[in-house]
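Analysis of the macromolecular model
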2 protein chains.
Amino acid sequence: MEVLKIIIGFLGPNGTFTEEAMEVWMKKLGFTPEQYKKVAFFSIEDMMHEVGKSLDAAVVPVENSLEGSVNITVDSFIRGVDAMIKGEVILPITQHLLLKNIIPLSEIKEVLSHPQALYQCRGFLKENVPNARLKEVSSTAEAAKLVAESNNKIAAIGSKALSKIYGLKIAAESIQDSNNNMTRFYILSTQDEMVTGRDKTALIFSTENKPGSLFRSLKIFAEKGLNLTKIESRPSRRILGEYVFLIEVEGHRLQEPLKTALKKLKLTASMFKILGSYPIFDLNELKR
Amino acid sequence: MEVLKIIIGFLGPNGTFTEEAMEVWMKKLGFTPEQYKKVAFFSIEDMMHEVGKSLDAAVVPVENSLEGSVNITVDSFIRGVDAMIKGEVILPITQHLLLKNIIPLSEIKEVLSHPQALYQCRGFLKENVPNARLKEVSSTAEAAKLVAESNNKIAAIGSKALSKIYGLKIAAESIQDSNNNMTRFYILSTQDEMVTGRDKTALIFSTENKPGSLFRSLKIFAEKGLNLTKIESRPSRRILGEYVFLIEVEGHRLQEPLKTALKKLKLTASMFKILGSYPIFDLNELKR
């Protein structure tokens, strides 16, 4: 009898931090790599729409401690992705400068990487390869692949995992501007998670463009002593200066006092959608 | 006798929307192109630091109605740029697909542009050139320049002004996903603007990571009926989940009731900085 495997999507190609986050998550659930099937996607929004269709779950980056939110993930929820957040994973991000063969840094003509990785290392790049052209590609893995296929004057920024996958040399280690570089990922599924007692809830809502309308929404949480752990404004895409907010708040949507607060907010918001309740990630899990 | 010209910076090269915003601003002030000297910069942050040194003023993009805030502009203020906001300009953005010579869209191998322009046109690109590789470069003008210098299989996304500067053909007109595509720019100088009676004030502040702390800050404005026109959260770059906020509020910092509200906020915020008070841009000015 064939066992049905869980099918989980990640932002490809192989070797991205999203894949690493997926592996951390599946290990936490007690799955060995043989017990699930992973599928690489090249568009975050397309992948998010496949949850509940060709995918049981998907892993998407949501924010980085230096760069801020991943807009495409937040915007995909606003534009109507129905997947729910079942969990989160936080990974420390260490970036390296990868070359096919070691050459002096001054000879590097071009540095390729994902826009966020280039941004995270811009202090190092400005100082060490000031004349290299920076080229943004779709992922750190794509950058490593291009460097592996190309001549030696171009470099990639990416993880140690990538240097192994593509047979690249590490020309400079840990080149990110800050050691507080962490990325947080959402695990998406068709349903969110049960109450664990240490939960967070994510939601999106919009308010009228009137004095104090955001204040009145936040008041609902403040009155009940609920801690907002994230607030992000995104353009409504209708009028400049009109926003949709993504917030995260401590507590589970099925437990008081959050349950009543959400009910109240729904009544006043012109758009309102709960993205899911999920257990808060414990950074100690990475050490296991 | 030589007349001292105003020296104003913009995000180069020539033909960017930032240059267009600068021209709108200088025309509004009554200057002819002969009466000021414009200087192209290739880094927003570097340019912002030059205000008060080699530059009298500078123009930077701050937000787009579809894509949201320009993070580097907001982050540069957070990281300590001392320039103040003296004005704003809002421009409607129309993007075109530019080619050296007209070929069928299906033959295009690569599309180059600024990340925000690629993002703004991703619906068109997905439908019409699904197999083309998207390459992010530093500006729409840089993309046009590269297309002009290269063979015919690559396209750029940019303005009509760029097609003229670089002798490119318009292969598809007005390809942005939404016609609500507007970009707002700040005019920076060493001082902000006097009271005009129809003003906005921008500031950045951070709050403690405690329940209700953002709420208590916004309460100060709400109590006085002051309308927030923008709120943007950026990572503090210290701890994941700790934020710095940029807000814009109607009113002038030297006029009540805003004056007292700002004084109150300063007392409670762990970081607080006024970026400037400036007149609200009137879209009708573009028609003149």
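Before reading on, note that the structure itself is shown above.
Right, let's get into the sheet that holds strand β14 (residues 243-250) of chain B. To summarise the sheet geometry, strands pair through backbone hydrogen bonds and adopt either a parallel or an antiparallel arrangement. Residues and elements named next belong to chain B. What the 4 strands build is an open sheet, ordered β13-β14-β12-β15; its pairing is antiparallel. Each edge of the open sheet carries a strand with a single partner, namely β13 (228-235) and β15 (271-279). Sheet twist, expressed as the average angle between the axes of neighbouring strands with direction ignored, equals 15°. As paired elements, β13 and β14 share 7 bridges and run antiparallel to each other. When the bridges of β14 are listed, Ser233 appears paired with Phe245. Against the sheet, helix α9 (residues 258-268) engages β12 (199-206), β14 and β15, with an angle of about 5° to β12.

With that out of the way, let us pick up the pairing of strand β5 (residues 84-92) of chain A. Side-chain direction in a regular strand flips from residue to residue, so the side chains alternate between the two faces of the sheet. Residue and element names in this part refer to chain A. Within β5, 7 of the 9 residues are buried, which leaves it mostly tucked inside the rest of the structure. Note: β5 against strand β11 (residues 182-189), 8 bridges, orientation antiparallel. Paired with Leu91 across the two strands is Thr183, which belongs to β11.

Residues and elements named next belong to chain A. If you walk across this open sheet you meet the 4 strands as β13-β14-β12-β15, and the pairing is antiparallel. Taken across any chain shown, the strands that pair with only one partner, and hence form the sheet edges, are β13 (228-235) and β15 (271-279). Here the strands of the sheet are splayed against their neighbours by 15° on average, with no regard to which way each runs. Note: strand β12 (residues 199-206) against strand β14 (residues 243-250), 7 bridges, orientation antiparallel. Counted as the bridge partner of Phe205 is Phe245 from β14. This element, helix α3 (residues 71-78), spans β12, β13, β14 and β15 of the sheet and lies at about 80° to β13. Against the sheet, helix α9 (residues 258-268) contacts β12, β14 and β15, and its axis sits at roughly 5° relative to β12.

Below, the discussion takes up the interface of chain B and chain A. In this assembly, 52 residues from chain B lie in contact with 52 residues from chain A. Summed over both partners, the interface of chain B with chain A buries about 4,100 Å², with 49% contributed by carbon and sulfur atoms. On the chain B side of the interface with chain A, the three residues burying the most area are Phe215(B), Arg237(B) and Leu240(B), jointly 18% of the side's total. On the surface where chain B and chain A come into contact, there are 4 salt bridges. The residue Lys126(B) makes a salt bridge to Asp46(A) at a minimum N-O spacing of 2.7 Å.

A separate point is the environment of Val129(B). Counting through the fold element by element, Val129(B) comes out in the loop between α5 (122-128) and β8 (133-136). With residues near it in sequence (within four places) discarded, Val129(B) still touches Leu105(B), Ile108(B), Val111(B) and Phe124(B).

Next up on the list: the pattern of salt bridges. If you walk through the whole model with that rule in mind, you get 46 salt bridges over all chains. Between Glu23(A) and Lys38(A) there is a salt bridge, and its shortest N-O distance comes to 3.6 Å. Taken together, the residues span a long stretch of sequence, with Glu23(A) in helix α1 (residues 17-28) and Lys38(A) in strand β2 (residues 36-41) at a distance of 15 residues. Judged by its relative accessible area of 36%, Glu23(A) is partly exposed. The shortest N-O distance in the salt bridge between Lys153(B) and Glu107(B) comes to 3.5 Å.

When chain B is brought onto chain A, the operation consists of a screw motion whose angular component is 180° and whose axial shift is 0.0 Å, with 0.1 Å RMSD remaining. Such a combination of rotation and displacement between the chain copies is what one expects of a two-fold axis. Proximity to the rotation axis, assessed at the C-alpha, singles out Glu136(B) in chain B; its C-alpha lies 2.6 Å from the axis. The fraction of interface residues of chain B whose copies in chain A are also interface residues reaches 100%, indicating that both copies meet through the same surface.

With that out of the way, let us pick up the nonpolar core. Proteins that are soluble and globular tend to have nonpolar side chains buried together. In this structure, Phe205(A), Phe221(A), Phe205(B) and Phe221(B) are the most contacted members of the largest nonpolar core, which totals 41 residues. With 6 residues, helix α8 (residues 213-222) of chain B is the single largest residue contributor to this core. Setting aside residues no more than four positions away along its own chain, Phe221(B) makes contact with Leu226(B), Leu228(B), Ile247(B), Val249(B), Leu258(B), Ala261(B), Leu262(B) and Leu265(B). Of all hydrophobic cores here, the second largest spans 25 residues; its members include Phe41(B), Val70(B), Val74(B) and Ala202(B).

All right, on to unusual backbone geometry then. Residue and element names in this part refer to chain A. Geometrically, the link from Glu256 to Pro257 is a cis peptide bond, its omega value of 5° lying close to zero. Checked against the element boundaries, Pro257 lands in the loop between β14 and α9. Even without glycine at this site, Ser174 takes up a positive phi of about 50°. Along the chain, the position of Ser174 falls in the loop between β10 (169-172) and β11.

Rules used throughout
Residues numbered from 1 in each chain as written. Chains lettered and ligands numbered in written order. Predicted model: local features only at pLDDT ≥ 70, side-chain atom pairs only at ≥ 80, totals over all residues. Heavy atoms only, no water. Pairing = 2+ DSSP bridges. Helix = DSSP H or I, 4+ residues; strand = E, 2+ residues; numbered from the N terminus. Axes fitted to C-alpha atoms, helices over the stretch in contact; angles between N-to-C directions. Contact = heavy atoms within 4.5 Å. Buried < 20%, exposed > 50% of the residue type's maximum accessible area, 1.4 Å probe, protein only. Buried area = accessible area lost by both parts, 1.4 Å probe. Salt bridge = Lys/Arg side-chain N within 4 Å of Asp/Glu carboxyl O. Least-squares fit on C-alpha atoms with pLDDT ≥ 70 in both. Core = buried A, V, L, I, M, F, W, Y, C linked by side-chain atoms within 4.5 Å.

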